[in-house]
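The lines below spell out each chain.
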Amino acid sequence: MEQQTEQIRRIGTISMGLRAPIVQEGDPLQDIVVNTVLEAAASGAFQVEDRDILAVTESILARSQSNYATISQIGADVKAKLGGDTLGVIFPILSRNRFSICLKGFARGARKIVLMLSYPSDEVGNHLVDIDLIDEKRIDPYTDTLTQEEFESLFGKSCHTFTQMDYVTYYKELIQAEGCEAEIIFSNNPRAILDFTDTVLTCDIHTRFRTKRLLKKAGARLVLGMDDILNASVDGSGFHPEYGLLGSNKSTEETIKLFPVDCDAFVKNVQKQLLQKTGKQVEVMIYGDGAFKDPVGKIWELADPVVSPGYTDGLLGTPNEVKLKYLADNEFKHLTGDALKEAVRRSISEKQEHLGNHMAAQGTTPRRLTDLIGSLCDLTSGSGDKGTPFVYIKGYFDNYTV
């Protein structure tokens, strides 16, 4: 009798972008997502299995929810909450898509804006000036506050690494075009803005709580963040109760699309519907910007307040993995071939439930699962014309023993 050869699995994690219909405001996205998965599976692209992962981009969910606002609604909220006079706007990111549209709204709600930019780069790594040039000019970005004239006499006009945009001029002209007076300064000390005004709108994302704390302790009269603007509806606008304007994107020249709401309910409903139709427990998440750093522009991608604003329970936690190269180089360095393979498999099968700081787990990136998977999804779907707002992932929770 002919001996059967053991079938060896050669494929690990697979991340696939799923092409979907163009989703418009008010469309039943839950049904669209589920039908897209079922149609892709029926085409033979994959089989739906337990612990597969389905991810939906935040942008398309917000669009289906009609979570939009106008520049004028932003301006009305800023004026009502911050008084409409001289406003310090500090630590914005440099982005035509993310921040410029919000800045126009701020200008409609103030008489004058003192815009304070961090340097050499913004919070997510967009550079205004090369740090080596700062060293050459003997400027200390941690202590020195510069006017626009001082900054440009030292470093010239700013030029973004990828877009070649001069964001200093661009932002100043945006403010002035709204009939608002503009002044630009450069500092990394949030308290520096208090030399110009005691009313501050801080626009940083991940450091906003510290910035607010420092300003209030230093005597600022009124301090709000972008998460405090449009955190409730204004004249019928969309809103986000937790993040306000954070996570928003430009939609048109007069409107923004806000971060989606009710994400937890959405992912649980999609999971439930897939379970009813396939009998399989698929994990579901919403994803936005990934969290990774570009080696050329030094830009850290994450301009959303979180990578994933909603996910099912199976995506809680961090990886609990052993490093195969550690096992091969240390505990089993004396083994080869099938003996090595079997020893590694046994070690994985018998690993502790929580490896913690065990040497075999060192270097396995114990970041949150949603941050890792969301970053994978962002890279898979891209932000352009691929037409794949849903990402389907197989084998993510498998290991060498499966």
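Residues numbered from 1 in each chain as written. Predicted model: local features only at pLDDT ≥ 70, side-chain atom pairs only at ≥ 80, totals over all residues. Heavy atoms only, no water.

Some thoughts on helix α7 (residues 167-177)
Those residues of α7 lying buried are Y167, V168, Y171, L174 and I175. In a view along the axis of α7, the buried residues occupy a sector of 135 degrees, so they form one face of it. Those residues of α7 that are buried are in contact with α4 (100-108), β5 (112-117), α6 (148-155) and β7 (181-186). Structurally, the start of α7 carries an N-cap: the backbone nitrogen of V168 is 3.3 Å from a side-chain oxygen of D166. Just beyond α7, the residue with positive phi is G179, at close to 75 degrees. (Buried < 20%, exposed > 50% of the residue type's maximum accessible area, 1.4 Å probe, protein only. Helix = DSSP H or I, 4+ residues; strand = E, 2+ residues; numbered from the N terminus. Arc of directions from axis to C-beta. Contact = heavy atoms within 4.5 Å. Polar contact = N/O pair within 3.5 Å; in protein donor to acceptor, adjacent residues only side chain to side chain.)

Quick word on the sheet that holds strand β4 (residues 86-90)
Taken in spatial order, the six strands of this open sheet run β6-β7-β5-β4-β8-β9, and their pairing is mixed. Of all strands in the sheet, those with a lone pairing partner are β6 (146-147) and β9 (222-225), marking the two edges. (Pairing = 2+ DSSP bridges.)

Some thoughts on the environment of P241
Along the chain, the position of P241 falls in the loop between β9 and β10 (249-250). Looking at P241, the relative accessible area reads 54%, which means it is exposed. When the C-alpha atoms of P241 and D227 are compared, they prove to be 8.3 Å apart, with 14 residues separating the residues in sequence.

Things to note about unusual backbone geometry
Y119 connects to P120 through a cis peptide bond whose omega is 10 degrees. Summarising the element assignment, P120 is placed in the loop between β5 and α5 (131-136). One non-glycine residue, S66, lies in the positive phi region at around 55 degrees. By the element assignment, S66 lies in the loop between α2 (58-64) and β3 (68-70). Even without being a glycine, D262 presents a positive backbone phi close to 55 degrees. Assignment of secondary structure puts D262 in the loop between β11 (255-257) and α9 (263-278). Judged by its relative accessible area of 59%, D262 falls in the exposed class.

Quick word on the pattern of salt bridges
Following the criterion strictly, the structure yields 18 salt bridges and no others. Residue R221 is joined to D198 by a salt bridge in which the shortest nitrogen-to-oxygen separation is 3.6 Å. Taken together, the positions of R221 in the loop between α8 (208-217) and β9 and D198 in the loop between β7 and β8 (199-202) put the pair 23 residues apart, joining distant regions of the chain. Relative accessible area serves as the criterion here: at 55%, R221 is assigned to the exposed category. Residue D198 is classed as partly exposed on the basis of its relative accessible area, which comes to 34%. Between D228 and K212 there is a salt bridge, with the nearest N and O atoms lying 3.0 Å from each other. (Salt bridge = Lys/Arg side-chain N within 4 Å of Asp/Glu carboxyl O.)

Everything listed here is a matter of geometry and, on its own, says nothing about what the molecule does.
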